[in-house]
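Chain and residue survey
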Amino acid sequence: MSCREIWLRQRKVGWLRPILFRENVVRLQRRVLSNSHDNSSEQRKQKLLKPFFGFARKLYELDIKYLCNKEKTLEIQENIRRRKLNGDINLIQELYSRIQSAQDGEEKDALIEQLTDEALKIPNKIPEGLSDEPEVVRLVGEKPSFNFIPKTLEELTKTNGSVRTRKLGNLTGKRSYFLCGVCAELEEALINFAMDRLHSRGFQLVSVPDILPASVIEGCGMPTRGERSQVYRLDKELYQTGPEWGEEVCLSGTSEMALAAMLAHDSCTNGPLPVTDLPLRLCAVSRCFRAEISKLASEKGLYRVHEFTKVEMFGACIPEESASFAEELVSIEQEIIEDLDLHARLVRMGAADLGPQAYSKVDLEVWMPGRAASAPKGKMEEFGWGEVSSCSDCTDFQSRRLGIHYEERDGQKHLMHTVNGTAAAIPRLLIALLETHQQEDQTITIPLALQPFMGGRSSIDLNDSSIPMTKPLPASLRYRK
């Protein structure tokens, strides 16, 4: 095999990509410097700063100019405080100054790597005037009324076990569930109903992987380490995935992450997407894995689980369109709720609930009458409203960390903006559907829009099930080695 053949083969495998990318960035920097008419010492240093590249926890294109602007220090500190995060902007600016004066190459590389790690902790910017507390924007649909006391999902399904969340500790662990019979049919119907709506809006369906590199998940804004992490990590000693994946892999918390990874570093295209292909509308049906812990009585049973099915929307667009694109996703979420004859409220989330990645976020909370009726005195609102979908405008937060670009007609590359939203989170939609449309005889009326996906049935009987109840494992089998 010739040297050229070896080179081409290794380039295809991928380990040469970071080196080639580094060379291209350096050439681009030299071109920018030679074409620049700006003689400012500070801006010259900014352009000479070594770029951030690579895929495994050392990411690139962070907005160092903004982060190291002394005039923005208080603004950034306040943003971190309001979001209850742990970034240290003073340390970032100190590291930046040390990089400019460092003479030794190895010392400068180490400082840049440290600066990168610290810069990744800084959240997205925040809209001016956003409050710290959630704000109800509007109500959707009519609040249901009953001439009997509505039951909870657990009470409705207790007899036949069509939804099973109890006595599963020896089988599948806590916060897991089985859907059987008509409830399993309802799950499939909700998925197909949501996909039908998205297809009519021009979304392209993508089947995504559930195992992702930690760097992708962190690039999307979800930490994979620490006490507050909700990410399941796979043991790197047991799962050897190759150097291109980094040190560890994780289970995906939402298909948004895999959809963003499709565009990362322009990896699935012949370069950046042309601006004429935007906005890009993608959707996916996937299992979502969340290592969540909650001791709240209002979040027991099917409401908060470790694994569930979700239909997700993901969009990429030019910066000027992300706000209107996010509104489009919210309108789709609202349309789905209205078509299911559910009562909901649209809530603009405050700074403390944005997470690190969102510039703005809107939640849709649905009224769950069974949970509300069973709530302790004075806690009807806490138990009655439950989040079923959310929409986030992430602006360029994810694009900077994952290298997601588009190309103008003149060949110039720019960072995309990304948005995401939930079309259907199945477990909580099931709670809302069963509790809202229950009848006194425990039959469930099927909303008109959902009937074509339930074989034309206008109602279902939750007592109609031939699947046997789940029993705990015999004691002799529980502790077998």
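Quick caveat, the model's predicted, so the values are computed rather than measured.

Definitions and limits used
- Residues numbered from 1 in each chain as written.
- Predicted model: local features only at pLDDT ≥ 70, side-chain atom pairs only at ≥ 80, totals over all residues.
- Heavy atoms only, no water.
- Axes fitted to C-alpha atoms, helices over the stretch in contact; angles between N-to-C directions.
- Helix = DSSP H or I, 4+ residues; strand = E, 2+ residues; numbered from the N terminus.
- Parallel < 35°, antiparallel > 145°, perpendicular 65-115°, else oblique.
- Left-handed = near helix turned anticlockwise from the far one by under 90°.
- Contact = heavy atoms within 4.5 Å.
- Nonpolar A, V, L, I, M, F, W, Y, C, P; charged D, E, K, R; others polar.
- Phe/Tyr/Trp six-rings, centres within 6.5 Å; stacked < 30°, edge-to-face > 60°.
- Buried < 20%, exposed > 50% of the residue type's maximum accessible area, 1.4 Å probe, protein only.
- Lys NZ or Arg CZ within 6 Å of the ring centre and 35° of its normal.
- Pairing = 2+ DSSP bridges.
- Salt bridge = Lys/Arg side-chain N within 4 Å of Asp/Glu carboxyl O.
- Expected span 1.5 Å × (residues − 1).

A few words on the packing of helix α6 (residues 89-101) against helix α7 (residues 105-119). A pair of packed helices is captured by two measures, namely the crossing angle of their axes and the spacing between those axes. Two numbers describe how α6 lies on α7: the axes approach to 9 Å, and their chain directions differ by 160°. Relative to α7, α6 is oriented roughly antiparallel. You can see that α6 and α7 cross each other, and the crossing is left-handed. Where α6 abuts α7, its residues L91, I92, L95, Y96, R98 and I99 lie against K108, L111, I112, Q114, L115, E118 and A119. A per-class count over the contact of α6 with α7 returns 9 nonpolar, 1 polar and 3 charged.

Quick look at the packing of aromatic side chains now. Following the criterion strictly, the structure yields 3 aromatic pairs and no others. Look at F193 and F453: their rings are 6.0 Å apart centre to centre, the planes differ by 70°, and that puts the pair in the edge-to-face class. With F193 in helix α9 (residues 181-200) and F453 in the loop between β17 (443-445) and β18 (459-461), the pair connects residues that are 260 residues apart, well separated along the chain. On the basis of an interplanar angle of 70° and a centroid distance of 5.2 Å, the ring pair of W367 and W385 is categorised as edge-to-face. In this pair, W367 sits in strand β12 (residues 360-367) while W385 sits in strand β13 (residues 385-393), placing the two residues 18 residues apart along the sequence. Grouping residues by exposure puts W367 and W385 together as buried. The positively charged end of R371 is found above the aromatic ring belonging to Y303, 4.3 Å away from the centroid. The residue whose ring lies beneath R401 is F397, and the NZ or CZ to ring-centre distance is 3.7 Å.

This brings us to the sheet that holds strand β1 (residues 135-140). Spatially, β1-β11-β12-β13-β16-β10-β9-β4 is the arrangement adopted by the 8 strands of the open sheet, whose pairing is mixed. Two strands bound the open sheet, and with one partner strand each, they are β1 and β4 (204-205). As defined by bridge partners, strand β11 (residues 344-348) adjoins β12 across 5 bridges and the pair is classed as antiparallel. Residue R348 lies in a different strand from β12, and its bridge partner there is V362.

For the rest of this paragraph, the subject is the pattern of salt bridges. Counted by the stated rule, this structure contains 17 salt bridges. For the salt bridge of R400 with D63, the shortest nitrogen-to-oxygen distance reads 3.7 Å. One end of the pair, R400, is in helix α15 (residues 397-402); the other, D63, is in the loop between α3 (41-48) and α4 (64-67), and 337 residues separate them in sequence. When the shortest N-O distance is used, the salt bridge between R197 and E335 registers 3.7 Å. Of this pair, R197 sits in helix α9 while E335 sits in helix α12 (residues 322-339), and the two are 138 residues apart along the sequence. Looking at R197, the relative accessible area reads 16%, which means it is buried. One network of salt bridges, with partners in common, ties together D196, R197, R201, E335 and D339.

Counting buried residues in helix α11 (residues 255-263) gives 8 out of 9 residues, a clear majority hidden from the surface. Within the span of α11, buried status applies to S255, E256, M257, A258, L259, A260, A261 and L263.

Turning to α12, a few remarks are in order. The first and last C-alpha atoms of α12 sit 26 Å apart over 18 residues, in line with the 26 Å expected at 1.5 Å per residue. Every buried residue belonging to α12 is among S322, F325, A326, E328, L329, V330, I332, E333, Q334, I336 and I337, and all of these are buried. Downstream of α12 by a residue or two, D341 has a phi angle that is positive, lying close to 55°.

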